[in-house]
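Structural overview
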Amino acid sequence: MAFATTTPQNLTTFTTSSHKPKLPFSPSHSLTFPTHANQTLTSRAISTAISTSTRIHSLFTPRATSSPSSSTTAAETTFHGLCYVVGDNIDTDQIIPAEYLTLVPSKPDEYEKLGTYALIGLPSSYATRFIEPGESKTKYTVVIAGANFGCGSSREHAPVALGASGAAAVVAESYARIFFRNSVATGEVYPLESEGRLCEECRTGDVVTIEMKESKLINHTTGKEYALKSIGDAGPVIEAGGIFAYARKTGMIPSH
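Let me begin by describing the structure that accompanies this report. (Residues numbered from 1 in each chain as written. Predicted model: local features only at pLDDT ≥ 70, side-chain atom pairs only at ≥ 80, totals over all residues. Heavy atoms only, no water.)

This brings us to unusual backbone geometry. In the Ramachandran plot, Asn-148 falls in the positive-phi region, its phi being about 60 degrees despite a non-glycine side chain. Tracing the sequence through the fold places Asn-148 in the loop between β5 (140-145) and α5 (157-165). The backbone of Ser-215 sits at a positive phi, close to 50 degrees, despite the residue not being glycine. Note that Ser-215 resides in the loop between β8 (207-211) and β9 (216-219). Here Ser-215 falls in the partly exposed class, since its relative accessible area comes to 21%. (Helix = DSSP H or I, 4+ residues; strand = E, 2+ residues; numbered from the N terminus. Buried < 20%, exposed > 50% of the residue type's maximum accessible area, 1.4 Å probe, protein only.)

Listed below in structure tokens is the structure:
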């Protein structure tokens, strides 16, 4: 997961406070995901996921190289910046159209190129584009969506494109399960769930802050606060840079 601190002018800041990371889990330690995932992953399940996810491993380079210090945890993370609001059923073709899937994210230049096409498939009814013409990065830190975000194909490029664009988190009413799992596996963006329909409460360009520790989103433009569902133990996996980086960090697979 890439974290960056940029100038106050574009309001895109990701901060963390120092805290000891969670202890590596043993086979009896479970990873509890949000209720929408309707499952608890044990370390054995993660091992299975790793062994069956070589496609992700071979295609994608986790963004852990630019992540915050390993002494921080996802629970302490704060995101602050502008939000970009979309509606329901935003599918993976809208997030990253199939014509751009030939780009290989493990190649740095193609990773950056992939980010320039994030959400380019949105219909013309979205007058404000996620990435402005002539720009290579988005100015929006947070994507706020309605229900079933990330539906459609199982392409891992969808969360990768969002992360490569400079977005840090998606806050949606609900997710397609495969998008949620790919977000965790690649460590590219935090897929957070809202308690209500924030897509009807916020507007593109509003200044927002996400407080992970307190599971809330603050809209500074309107002065309102909204509860978010806890991301559970999926948070540390994303914080580590994805499932492979997390497995190395916790000693499940060799670090070399």
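Buried residues of helix α4 (residues 108-115): Glu-110, Tyr-111, Leu-114 and Gly-115, and no others. Along the axis of α4, the buried residues cluster in a sector spanning 145 degrees; they form a single face. Those residues of α4 that are buried lie in contact with α5. (Arc of directions from axis to C-beta. Contact = heavy atoms within 4.5 Å.)

Taking burial as the measure, the ten residues of helix α6 (residues 177-186) include seven buried ones, the bulk of the element. Positive backbone phi, at 70 degrees, marks Gly-187, one or two positions downstream of α6.

Burial within strand β4 (residues 78-85) is extensive, with seven of its eight residues counted as buried. As judged from the five bridges shared by β4 and β8, these two strands associate in the antiparallel manner. Across the sheet, the residue bridging to Leu-82 is Val-207, located in β8. Relative to β5, β4 is paired through four bridges, and the arrangement is parallel. Paired with Cys-83 across the strands is Val-142, a residue of β5. (Pairing = 2+ DSSP bridges.)

The final tally for this structure, using the stated rule, is nine aromatic pairs. An aromatic cluster is present here, built from Phe-149, Tyr-175, Phe-179 and Phe-180 joined pairwise through their rings. (Phe/Tyr/Trp six-rings, centres within 6.5 Å; stacked < 30°, edge-to-face > 60°.)

Our focus in this paragraph is the environment of Pro-133. The topology assignment puts Pro-133 in the loop between α4 and β5. Taking the C-alpha atoms as reference, Pro-133 lies 9.7 Å from Thr-116; in sequence the two are 17 residues apart.

It is worth spelling out the packing of α4 against α5 at this point. In contact at an axis separation of 7 Å, α4 and α5 are set at 90 degrees when each is read in the N-to-C sense. If you check the angle between α4 and α5, you find them roughly perpendicular. Of the residues in α5, those touching α4 at Tyr-111, Glu-112, Leu-114 and Gly-115 are His-157, Val-160, Ala-161, Gly-163, Ala-164 and Ser-165. A breakdown of the residues in the contact of α4 with α5 according to their chemical character gives five nonpolar, four polar and one charged. (Axes fitted to C-alpha atoms, helices over the stretch in contact; angles between N-to-C directions. Parallel < 35°, antiparallel > 145°, perpendicular 65-115°, else oblique. Nonpolar A, V, L, I, M, F, W, Y, C, P; charged D, E, K, R; others polar.)

The pairing of strand β7 (residues 190-194) with strand β10 (residues 224-229) spans two bridges and is antiparallel. Bridge pairing in β10 links Glu-193 to Lys-229. The pairing of β9 with β10 spans four bridges and is antiparallel. Looking across to β10, one finds that Leu-217 is bridged to Tyr-226. Linking two consecutive strands that pair antiparallel, namely β9 and β10, is a turn of four residues; a positive phi of about 80 degrees is found at Gly-223 within it.

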